[in-house]
Amino acid sequence: MSAGVKSYAAVDLGASSGRVMVGRVGPDSLELAEAHRFPNRPVRAPEGLRWDVLGLYAGVLDGLRAAGQVDSVGIDSWAVDYGLLDADGALLGNPVHYRDSRTEGVAEKVWASVPARELYAATGLQYAPFNTLYQLTAARESSQLAYAERLLLIPDLLTYWLTGEQGTELTNASTTQLVDPRTRDWSYDIASRLGIDLGLFAPLRQPGDPAGLLRDEVLEETGLTGPVPVTAVGSHDTASAVAAVPAEGERFAYICTGTWSLAGLELGAPVLTEESRAANFTNELGLDGTVRYLRNIMGLWLLQECLRAWGEPELGALLPAAGEVPALRSVVDAGDAAFLSPGRMPERIAEACRASGQPVPVSPAEITRCILDSLALAHRRAVTEAQRLAGHPVDVVHVVGGGTRNALLCQLTADACGLPVVAGPAEAAALGNVLVQARAHGLVGDLTDGRRLLSRTQPLVRYEPSGDAARWREAEDRLARR
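A few points on the structure. (Residues numbered from 1 in each chain as written. Predicted model: local features only at pLDDT ≥ 70, side-chain atom pairs only at ≥ 80, totals over all residues. Heavy atoms only, no water.)

### Examining empty space enclosed by the protein
To find the voids left in a structure, one rolls a probe of water-molecule size over its atoms. Applying the stated rule across the entire model yields 4 cavities of 30 Å³ or more. Lining the largest cavity, in full, are Ile75, Pro155, Asp156, Thr159, Glu169, Arg205, Ala211, Val230, Thr231, Ala232, Val233 and Ser235. Residue assignment for the lining of the largest cavity shows that the elements contributing at least two residues are α6 (154-163) and β14 (229-231). Top contributing element to the lining of the largest cavity by residue count: α6, with 3 residues. Here the residues of the lining of the largest cavity are counted per class, giving 6 nonpolar, 3 polar and 3 charged. One number sums up the size of the second largest cavity: a volume of about 50 Å³. (1 Å grid on protein atoms, 1.4 Å probe; cavity = no way out; pocket = protein on both sides within 12 Å on 5 of 7 lines; lining within 4 Å. Points joined across faces, edges and corners; volume = space filled by probe spheres on them. Helix = DSSP H or I, 4+ residues; strand = E, 2+ residues; numbered from the N terminus. Nonpolar A, V, L, I, M, F, W, Y, C, P; charged D, E, K, R; others polar.)

Now the structure itself:
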């Protein structure tokens, strides 16, 4: 390894797969390579949909072994889900999947104690049925929660298994709907009114804080030579991804694309107005005192589920065919909770089009085009409304994450938003993870310095808006009238 270059293992866990990436960072260099990738397959047990967290941990260990000697390890993952530990620190059952049905109808019970507008004014979180607050309310009478001494969010749980030390990283904690985005601390009033014991949570950690050293047993299993520190990163994968947006200045919007699309702005303070709540925007915490003001959109989950139903056809052949389908022929609401659960996605999309009186897409190419047009339209609505609600105009949209590899989606997003789209990097969450570790070692300065380094070292593609903007406005109006 070159002098002045350090190596960091970024464990990046998504809803469908996990990976261990190795980032090598020098004074003016940043290289990322994949060490190991492994599936993340939820399991439908008799009691409901669960994460195979032991399988994920095995994948992490395999990845660290493949990564070789590193200077630090950081873990990011999806948000809201958690594991419960007993008094001995043992896991009490597999963590519940956020797509499990246990939270159906729970929100109304919560709002009976804390009205929705009060909850938003205190926590800034958009309504999502799977937020940790609703999961804990649903689990209130469960024996697991009764015996639990500790609750750890997924990346904190894996960090605990690696190091033996417990903590709650702030960016992920902010998705629980139990954090005040103004104080960046727990919302003690909300927790008290809902009977949620905040003592279950380990002390809060900030991105960049030390999170312990790899245990001797982990060193032996992975072949690494200690001491190897674990660093708290932006452990919500969206926080890490937004940290890796290669933007200049503040006049930008971002869309983190993958299973979900997270579309919004980076702000210095939360937007807690009633109008913002009605528009279903969320205020999650980011690095360096920032707020991720965004809307959750169903994302490429819609296409992933269709591909699964079609027997996993080659996407490289399907996208050109979708590009030949007439634009905006049929669109659906990509944020509709009706698409949240797995199964029968092509039929459900067709049914939604039929119910709204639109042409019904039949072929895989037609359904794919419907999905991509619908996602681009949802991106347009989120970017437009975020600017208005926050009073924060933008000049460019940065698309990061797996969706950057979908050129058709990127072009449609530029067309829909009427703004240039800069696509890349694809592995944004892993790169943001690496940047926080590098900052902790003094190799990178603040958020601006890290973004400049990304702009110099990562491949980016620019898409200029084209086509008839009036057609997107008409499609938006058509969807709003349904």
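Back to the text.
### Here's the deal with the pattern of salt bridges
In total, this model carries 27 salt bridges according to the counting rule given. Its salt-bridge partner being Arg380, residue Glu476 comes within 3.0 Å of it at the nearest N-O pair. Taken as a pair, Glu476 in helix α19 (residues 469-481) and Arg380 in helix α15 (residues 364-390) lie far apart in primary sequence, 96 residues in all. Residue classification places Arg380 among the buried residues on the basis of a relative accessible area of 13%. Taking the shortest distance from any N to any O, the salt bridge between Arg405 and Glu427 comes out at 3.5 Å. On the criterion of sequence distance, the pair formed by Arg405 in the loop between β19 (396-401) and α16 (407-417) and Glu427 in the loop between β20 (421-423) and α17 (428-440) is long-range, its members being 22 residues apart. A relative accessible area of 58% places Arg405 in the exposed class. With a relative accessible area of 15%, Glu427 lands in the buried category. Members of the salt-bridge network, linked through shared partners, are Asp12, Arg19, Glu34, Arg37, Arg405 and Glu427. (Salt bridge = Lys/Arg side-chain N within 4 Å of Asp/Glu carboxyl O. Buried < 20%, exposed > 50% of the residue type's maximum accessible area, 1.4 Å probe, protein only.)

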